[in-house]
Amino acid sequence: MLVGVDWAGVAQQVVAGLSSGGTYATLAVALVLIYRATGVVNFAQGELAMFSTFVAWTLTRHGFAYWPAFLVTVLASFAGGIALERAVIRPVERASVLTIAIVTIGLFFIVNGAAFWIWSPEVKSMPNAFSTRPIRIGGVAFAISDLGIIGVSLLAVLLLWLFFRFTKLGLAMRAAALNPESSRLTGIRVSWTIALGWGLATALGAVAGLMAAPPLGSFDQNFMQPILLYAFAGAVLGGIDSALGAVIGSLALGVFLNLLGTYVSWVGTDLRQAAALAVILGVLLVRPAGLFGKLAVRRV
Amino acid sequence: MNRVLRIAGGVAFAAAAVALVLVLPHWLSDAKAAEFARAGCFFIAIIGLNLVTGYTGQISLGHGALMAVGAYTTAILTADHGLRDLWTIPLAGLVAMAAGFALGLPARRLSGLYLALATFAFAVAMPALLKRFSGLTGGSQGINLFDEALSRSTGALGHVHLAGWTLATNDFLYYLTWGIGLVLSGAAWLLVRGRLGRAFRAVRDSEVAAASSGINISFYKTLAFAISGFYAGVGGSLFVLVSNWFVSPSTFTFDKSLLLVVGAVVGGLGSLAGMALGALFIQFVPTWAANLSSAPGAPSVFFGTAIVLVMILLPGGLGGFLLKLTEPLTRRLYTRSE
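A short tour of the structure in this document, coming up. Everything quoted here is computed from the prediction, not taken from an experiment. (Residues numbered from 1 in each chain as written. Chains lettered and ligands numbered in written order. Predicted model: local features only at pLDDT ≥ 70, side-chain atom pairs only at ≥ 80, totals over all residues. Heavy atoms only, no water.)

This part takes up the overall build of chain A. For chain A, the count of helices and strands is 11 helices and two strands. Counting helices and strands in the order they occur from the N terminus, chain A gives α-α-α-α-β-β-α-α-α-α-α-α-α. Reported as C-alpha extents along the three principal axes, the dimensions of chain A are approximately 65 × 60 × 35 Å. Excluding contacts between residues fewer than 6 apart, the proportion of contacts in chain A whose partners are at least 24 apart in sequence is 73%. Surface exposure of chain A reaches about 13,500 Å², of which carbon and sulfur atoms provide 68%. Here chain A holds 18 positive side-chain charges and 10 negative ones, and the gap between their average locations is 13 Å. (Helix = DSSP H or I, 4+ residues; strand = E, 2+ residues; numbered from the N terminus. Contact = heavy atoms within 4.5 Å. Areas by Shrake-Rupley, 256 points an atom, 1.4 Å probe, with all protein chains shown as cover. Lys, Arg positive; Asp, Glu negative; His and termini not counted. Charge placed at Lys NZ, Arg CZ, Asp CG, Glu CD.)

In structure tokens form, the structure reads like this:
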């Protein structure tokens, strides 16, 4: 059975899968960031990424090349994320988790609608971030754009990790997420660390959107919704309280989805999402806190 | 004495609700009556969601899919098996109850977000599954009882004659959904104020404490999901009737599930009157937003803003607000005898 397998083809599919998985991973880490700070899944995360992408698209229409537009957008998204948190999340900061979650669903509608309102509904296209030429490694042709996307996604996550691990501000943010009360007593302004978390998450989302959009060819205002679903699934697969878990979970999910789409023909596009979620459900039933999540010890 | 007053207050409230539901159609146009009937379907589904999320503390993002199970049960039984549409409503509830039981099984092991993802998976998979098994469900075309079973669709051809009364179709659908809604909300009220409700709340407040008091957590979680499935199924079944006897996979995409959660939280978890307000919110606010501006995306912006504003201004939801308004009155009522 295995004799007939075209290993070069499999390698290509794995790299392509890692590439889409890298996009999921970036967004998944954004979800984890906000989850650890406030205990909610930000349902608007994907739409915020979409909005950032559309801002970048506007910049490229006004003479910006891809990478300058990328940089400007990521910085603007960081500021925008902080502003949004101050305006909308701050007032419900002490409300129940479910209330905050519903506010993010409200944000989902607002951001999605605003994008349709500002940029008319017809589809857009972005210039490519990377060369479209293939590159040959060990006799197998890989797309440069796939490798580039993997690189940028991992770099973004790595930078974030360095920030959390080696700066005082990063330490303060981790402390605030872990124990808000004690952090307040040591003089950390917890409310502002949450705002900063939103800024970082929105900037990460911008990276995800800007990586995801060009390979699609054409995209509209709903293009981030399936990606948010996969990012959510990847984060939960890895364990929602672990950033490393979210990255590994998302990469694994990207590869799995790509192999599923290529080699299992009866899983059409319709059932792809369902199949992916079913597998994750299976994993969760064996490991209820995800692959890398910490299970709260509870004897009942 | 206190207990008597409380029950009297409950009865008075229920009587007022019944009276309101009875007289409302006199002021409603035909089209509005149809919209209220749709809100009635949401009302029933949201009561179910409230049992799981509000009382038992288990988040479900899959109740839209449970509505779909009820809806398709009604559509298939009526179109292919010669049943009258009205008789399929309880059957739809029972089938969705079984589905709710199955959906509740992961809740035995998962909690919080992990459970949310599991139920969300069910919601996302549902339209794809409905398209896949097209032999049974008519695929993406859906099932149109108007074409396939006109004679068994009550009121599809105009007026309904009921025990000497003649009702316009939409008035009939309005009374049907809100009538069933009131009966089921009464049942839910009886359920949650007894032994079962106490167990549900104990599981919600502390699983450890509940287990040490001898409550079988897994059993009550699954039970909450099953009962909740019955409510969602009845709501879904009625949804077929009020959608011109038509159902298709696109009727129950995952955003229906999200919308139900929005309705439950905006209404105010844990308050039955709030559930009705939440249902009215998710039925009428989008229409209201669409009337404000027809620019693409604008209604979405208004709807989202309304959700955010309600949550910021009324953290307890509309029901919590209602409770606060009536509190001076009811507090007097309850404390007089003490």
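Moving on from the coordinates now.
Time to look at the overall build of chain B. Check the secondary structure of chain B and you find 15 helices and four strands. For 338 residues, the compact-globule estimate of 2.2 N^0.38 gives 20 Å, and the C-alpha radius of gyration of chain B, at 20 Å, lies within 12% of that figure. Projected onto its principal axes, the C-alpha positions of chain B cover 60 × 50 × 45 Å. The buried share among the 338 residues of chain B stands at 53%. Counted over contacts in chain B with a minimum sequence separation of 6, partners at least 24 positions apart contribute 78%. Both charge centroids of chain B, one from 21 positive and one from 12 negative side chains, sit 12 Å from each other. (Rg over C-alpha atoms; globule rule 2.2 N^0.38 Å. Buried < 20%, exposed > 50% of the residue type's maximum accessible area, 1.4 Å probe, protein only.)

Residues and elements named next belong to chain B. For the structure on display, the rule yields six salt bridges over all chains. Among the ionic pairs, Glu35 bridges to Lys32, the shortest N-O distance being 3.6 Å. Note that Glu35 and Lys32 are positioned in helix 2 (residues 30-55) at a spacing of three residues, about one turn of the helix. On the basis of relative accessible area, Glu35 is assigned to the partly exposed category, the value being 21%. (Salt bridge = Lys/Arg side-chain N within 4 Å of Asp/Glu carboxyl O.)

Bringing the interface of chain B and chain A into the picture now. Contacts between chain B and chain A engage 44 residues on the former and 45 residues on the latter. A buried area of about 3,700 Å², summed over both sides, lies between chain B and chain A, and 82% of it is on carbon and sulfur atoms. On the surface where chain B and chain A come into contact, there are zero salt bridges. Listed by contribution, the elements that provide at least two residues to the side of chain B that touches chain A are helix 5 (112-132), helix 10 (207-212), helix 12 (254-267) and helix 14 (298-313) of chain B. Looking at the side of chain B that touches chain A, its residues break down into 34 nonpolar, six polar and four charged. (Buried area = accessible area lost by both parts, 1.4 Å probe. Nonpolar A, V, L, I, M, F, W, Y, C, P; charged D, E, K, R; others polar.)

Take helix 11 (residues 217-242) of chain B next. The terminal C-alpha atoms of helix 11 of chain B lie 37 Å apart, and with 26 residues this matches the ideal 38 Å at 1.5 Å per residue to within 8%. Across the 26 residues of helix 11 of chain B, 22 count as buried, placing the element largely inside the fold. (Expected span 1.5 Å × (residues − 1).)

Attention now moves to the side chain of Thr74 of chain B. Residue and element names in this part refer to chain B. In this fold, Thr74 is placed in helix 3 (residues 63-80). The exposure class of Thr74 is buried, given its relative accessible area of 0%. At 3.0 Å, the side chain of Thr74 and the side chain of Thr88 are in polar contact. Once residues within four sequence positions are removed from consideration, Thr74 is found in contact with Thr88, Ile89, Ala92 and Ser237. (Polar contact = N/O pair within 3.5 Å; in protein donor to acceptor, adjacent residues only side chain to side chain.)

Turning to the pairing of strand 1 (residues 134-137) of chain A, a few remarks are in order. Residue and element names in this part refer to chain A. Pairing of strand 1 with strand 2 (residues 140-143) involves four bridges; the strand directions are antiparallel. Bridging from a neighbouring strand, Pro134 pairs with Ala143 of strand 2. Linking two consecutive strands that pair antiparallel, namely strand 1 and strand 2, is a turn of two residues; a positive phi of about 60 degrees is found at Gly138 within it. (Pairing = 2+ DSSP bridges.)

Bringing unusual backbone geometry into the picture now. Residues and elements named next belong to chain B. A positive phi angle is found at Asn244, which is not glycine, with a value near 55 degrees. Mapped onto the fold, Asn244 is located in the loop between helix 11 and strand 4 (246-247). Backbone geometry at Trp245 places phi at a positive 55 degrees, although glycine is not the residue there. By the secondary structure assignment, Trp245 is in the loop between helix 11 and strand 4. Overall, Trp245 belongs to the buried group, its relative accessible area being 3%.

This part covers the packing of aromatic side chains. For the coordinates displayed, the defined rule picks out 26 aromatic pairs over all chains. Between Phe219 of chain B and Tyr220 of chain B, the aromatic rings sit 5.2 Å apart at their centres with planes inclined by 80 degrees, giving edge-to-face as the arrangement. Judged by relative accessible area, Tyr220 of chain B falls into the buried class, the value being 13%. Every member of this aromatic cluster is reached through a ring pair, and the members are Phe51, Phe54, Trp119, Phe219 and Phe223 of chain A. (Phe/Tyr/Trp six-rings, centres within 6.5 Å; stacked < 30°, edge-to-face > 60°.)

With that settled, the discussion passes to the environment of Gln225 of chain A. As for its placement among the helices and strands, Gln225 of chain A is situated in helix 9 (residues 225-238). On the basis of relative accessible area, Gln225 of chain A is assigned to the partly exposed category, the value being 25%.

Once that is clear, we can look at a nonpolar patch on the surface. Residues Leu155, Leu158, Leu159, Trp161, Leu162 and Phe166 of chain A make up a contiguous nonpolar surface patch of about 640 Å² in total accessible area. You can see Leu158 of chain A is positioned in helix 5 (residues 144-166). (Patch = residues over 30% accessible without salt bridge, like charges linked within 9 Å, V, L, I, M, F, W, Y side chains within 5 Å.)

Between helix 4 (residues 97-118) of chain A and helix 12 of chain B, the shortest axis-to-axis distance is 10 Å and the interhelical angle comes to 125 degrees. With respect to each other, helix 4 of chain A and helix 12 of chain B are oriented oblique. The way helix 4 of chain A lies across helix 12 of chain B gives a crossing that is left-handed. On helix 12 of chain B, the residues touching Leu98, Ile102, Ile105 and Phe109 of chain A of helix 4 of chain A are Leu258, Leu259, Val261, Val262 and Val265 of chain B. Taken together, the residues of the contact of helix 4 of chain A with helix 12 of chain B break down into nine nonpolar, no polar and no charged. (Axes fitted to C-alpha atoms, helices over the stretch in contact; angles between N-to-C directions. Parallel < 35°, antiparallel > 145°, perpendicular 65-115°, else oblique. Left-handed = near helix turned anticlockwise from the far one by under 90°.)

Residues and elements named next belong to chain A. Closest axis-to-axis distance for the helix 1 (residues 7-38)/helix 2 (residues 45-61) pair is 10 Å, and the angle between their directions is 125 degrees. The angle between helix 1 and helix 2 falls in the class oblique. Of the two possible hands of crossing, helix 1 and helix 2 adopt the one that is right-handed. Residues Leu27, Ala30, Leu31 and Ile34 of helix 1 pack against Gln45, Gly46 and Ala49 of helix 2. Per-class residue counts for the contact of helix 1 with helix 2 are five nonpolar, two polar and no charged.

Our focus in this paragraph is the environment of Ala276 of chain B. Residue and element names in this part refer to chain B. Following the sequence through the fold, Ala276 ends up in helix 13 (residues 272-292). Put simply, Ala276 and Ile89 are 187 residues apart on the chain and 20 Å apart in space, counted from C-alpha to C-alpha. If sequence neighbours within four positions are ignored, Ala276 has contacts with Phe43 and Trp178.

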